[in-house]
Amino acid sequence: MDTKRAVWRVTKPIVLIAEELSPATLLALGPDFEVVNCDGANRAELLAVLGKGVDAVLIRSATKMDAEAIAAAKGLKIIARAGVGLDNVDIPAATAAGIMVVNAPTSNIVSAAELAISLLLASARFISPAHAALRNGKWARTKFTGTELFEKTLGIVGFGRIGQLVAQRMQAFGMDIIAYDPYLQPARAAQLGVRLVELDELLRTSDFITIHLPKTKETANLIGVDALKKVKPSVRIVNAARGGVLDESALYDAIVAGDVAGAGLDVFSTEPCTDSPLFTLDNVVATPHLGASTDEAQERAGIAVAVSVRKALAGELVPDAVNVKGGVIAQEIRPSLPLVEKMAQIATELLGEVPVHMDVQVRGEIAVHDSTILAISALKGALIAVGAEEVTYVNAPGLASERGMTSSVTTTADSAEYRSMIALRAATGSGKSITVDGTLMGIRQTEKIIGIDSFSLDLSPSAHILFLRYVDQPGVIGIVGHTLGTAKINIAGMQVARSAQGGKALMALSVDSDVSEEILETIKRETGAESVRAVDLVN
């Protein structure tokens, strides 16, 4: 691409597509973005385009978003990898710069599982060398006698989403499935008819082994010299996960020595790999990292990251963000994220000061789910209320720390009046505090503010809300209505809660437009209210 021809406009966020992606990606992005292109594998071109300023960059595996590229990027908010692996993204550098990193973790799981099964079948029946012999004019039926899968034991190393898909499909072949995964509960494996075992037992008893682990410090060369001494000499090993989990040199030696019968490989410790001694062996079938190379997987990946970009640039939480604290977010928790943001905004505005700590208490049925992400939702809402710009779930903890703000989440199964609810208590350094209660109602999960301190409410958090604290007395509602009416400010809804007749009262009004400081002062003066505050919620 000639970067001089790229048109940068200020009216729309700029999305850089640095590699060829599915046409469905552009459709999923929609018309709200200015899309520019470059060859991400061309380093100079990539750095030049990033330096001009882009809001998001979409990549696959050829573009290196390392510390240098991240430092060069002006205004970058999100790096989106249309695939699973993130070896080409410097996640710590992105996080330090407040840049969200997302991938498409489920986009290729079916394709990867199917390729692993293809390699397993091809290895068992010598498909590749038999095909090559035939093309060379040789009818070598007796040379390529294979083995059946029926009633054999398949050992799956790493029983995550892809491993589980492989298990489900290979059960149809009549295989007995065992798996090794130190992080999986045995009950989950049992649900799928799979028995969890230690790695040594898997190595000793498996007729076929397929690897489905990421490469980490712990898994590097996990299946190496020592492991290959424990396997049956008839075993066939498949690796379509990550290169380096299976020691290729040790595998070659084991096959040549007759300690391993064969292998199917799609990934290698160094890629691209076109010259390996393994490729000289008839009982090895190999492919050039084709696990995600299907039209369907590429389309799913493109659509997934396009949706993530839309969410990120709108300031929403992106469930597939890999550098957002809180881990995997349960479906039951996700609707509470924007609710807690609004609750924190309300609490901060009503306090009139920056809170130094917010405790989010999750009560009732949803308390059984991991809700730690709500601590960041609270920080994000409070930061928005104090005027911080471009707050995201990535940079919120850092921005909050700079302002001396912290948050926490506690859970309890007790919830007297609601199936589930959330109470947010915010406290300032001067000793002031406030509690805002919220819940999600009905099938549509409608947001409701159900309490502020000791006052019960049933308030939908609209864009503009006016809160009055005052002593209960006749005429206050009339004064407020007259003042707003004179200012041409329409009241959409109003609620009044009081501790007792003539006691403390809280009025909450949803209005259709901003309320100026002058009008607030007028209302406070004429009603004698303790406080009058306008809250403009930012979604």
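Our structure is the block above this text.
**Quick look at the overall build of the protein**
Part 1: Counting its regular elements, the protein contains 17 helices and 22 strands.
Part 2: Out of the 539 residues in the protein, the part that is buried amounts to 50%.
Part 3: Within the protein, contacts between residues at least 6 apart in sequence are counted, and of these 63% link residues at least 24 apart.
Part 4: Counting every atom, the protein has about 25500 Å² of accessible surface; 51% of that belongs to carbon and sulfur.
Part 5: Charge-centre separation for the protein: the mean point of 50 positive side chains lies 2 Å from the mean point of 61 negative side chains.

**Re the pairing of strand 15 (residues 420-428)**
Part 1: Extensive coverage of strand 15 is indicated by the burial of eight of its nine residues.
Part 2: Of the strand pairs in this sheet, strand 13 (residues 355-364) and strand 15 are connected by nine bridges, and their pairing is antiparallel. Across the sheet, the residue bridging to methionine 358 is alanine 426, located in strand 15.
Part 3: Sheet topology places strand 15 next to strand 16 (residues 433-441); six bridges connect them, and they run antiparallel. Each residue of the ladder has a partner; that of alanine 423, found in strand 16, is aspartate 437.

**Points about the packing of aromatic side chains**
Part 1: Here the structure, examined in full by the defined rule, presents two aromatic pairs.
Part 2: Consider the rings of phenylalanine 126 and phenylalanine 144, whose centres lie 6.0 Å apart with planes at 40°: the pair is tilted. Of this pair, phenylalanine 126 sits in the loop between helix 5 (109-125) and helix 6 (127-135) while phenylalanine 144 is found in the loop between helix 6 and strand 6 (153-157), placing the two residues 18 residues apart along the sequence. Accessibility assignment for this pair places phenylalanine 126 and phenylalanine 144 in one class, buried.

**A word on the pattern of salt bridges**
Part 1: Summed over the entire model, instances satisfying the criterion amount to 15 salt bridges.
Part 2: Aspartate 55 is the salt-bridge partner of lysine 77, the closest N and O atoms lying 2.6 Å from each other. Taken together, the residues span a long stretch of sequence, with lysine 77 in the loop between helix 3 (67-72) and strand 4 (78-81) and aspartate 55 in the loop between helix 2 (43-52) and strand 3 (56-59) at a distance of 22 residues.
Part 3: Residue glutamate 341 pairs with lysine 380 through a salt bridge whose shortest N-O separation is 3.2 Å. Here glutamate 341, found in helix 13 (residues 336-351), pairs with lysine 380, found in helix 14 (residues 374-385); they are 39 residues apart in sequence, far enough to count as distant.

**What to know about a nonpolar patch on the surface**
Part 1: A cluster of nonpolar side chains, contributed by Ile477, Ile491, Met494 and Val496, occupies part of the molecular surface with about 290 Å² of accessible area.
Part 2: With respect to the helices and strands, the residue isoleucine 491 is situated in strand 20 (residues 491-498).
Part 3: Judged by relative accessible area, which is 30%, isoleucine 491 ranks as partly exposed.

**Structural notes on the sheet that holds strand 1 (residues 14-17)**
Part 1: Taken in spatial order, the five strands make up an open sheet running 2-1-3-4-5, and their pairing is parallel. Single-partner strands in this sheet number two, and they are strand 2 (34-37) and strand 5 (100-102). Sheet twist, expressed as the mean angle between neighbouring strand axes with direction ignored, is 20°.
Part 2: The pairing of strand 1 with strand 2 spans four bridges and is classified as parallel. Residue isoleucine 17 lies in a different strand from strand 2, and its bridge partner there is asparagine 37.
Part 3: Sheet strands touched by helix 12 (residues 295-313): strand 1, strand 3, strand 4 and strand 5. Its angle to strand 4, the strand with the most contacts, is close to 170°.

What counts and how
Residues numbered from 1 in each chain as written. Predicted model: local features only at pLDDT ≥ 70, side-chain atom pairs only at ≥ 80, totals over all residues. Heavy atoms only, no water. Helix = DSSP H or I, 4+ residues; strand = E, 2+ residues; numbered from the N terminus. Buried < 20%, exposed > 50% of the residue type's maximum accessible area, 1.4 Å probe, protein only. Contact = heavy atoms within 4.5 Å. Areas by Shrake-Rupley, 256 points an atom, 1.4 Å probe, with all protein chains shown as cover. Lys, Arg positive; Asp, Glu negative; His and termini not counted. Charge placed at Lys NZ, Arg CZ, Asp CG, Glu CD. Pairing = 2+ DSSP bridges. Phe/Tyr/Trp six-rings, centres within 6.5 Å; stacked < 30°, edge-to-face > 60°. Salt bridge = Lys/Arg side-chain N within 4 Å of Asp/Glu carboxyl O. Patch = residues over 30% accessible without salt bridge, like charges linked within 9 Å, V, L, I, M, F, W, Y side chains within 5 Å. Axes fitted to C-alpha atoms, helices over the stretch in contact; angles between N-to-C directions.

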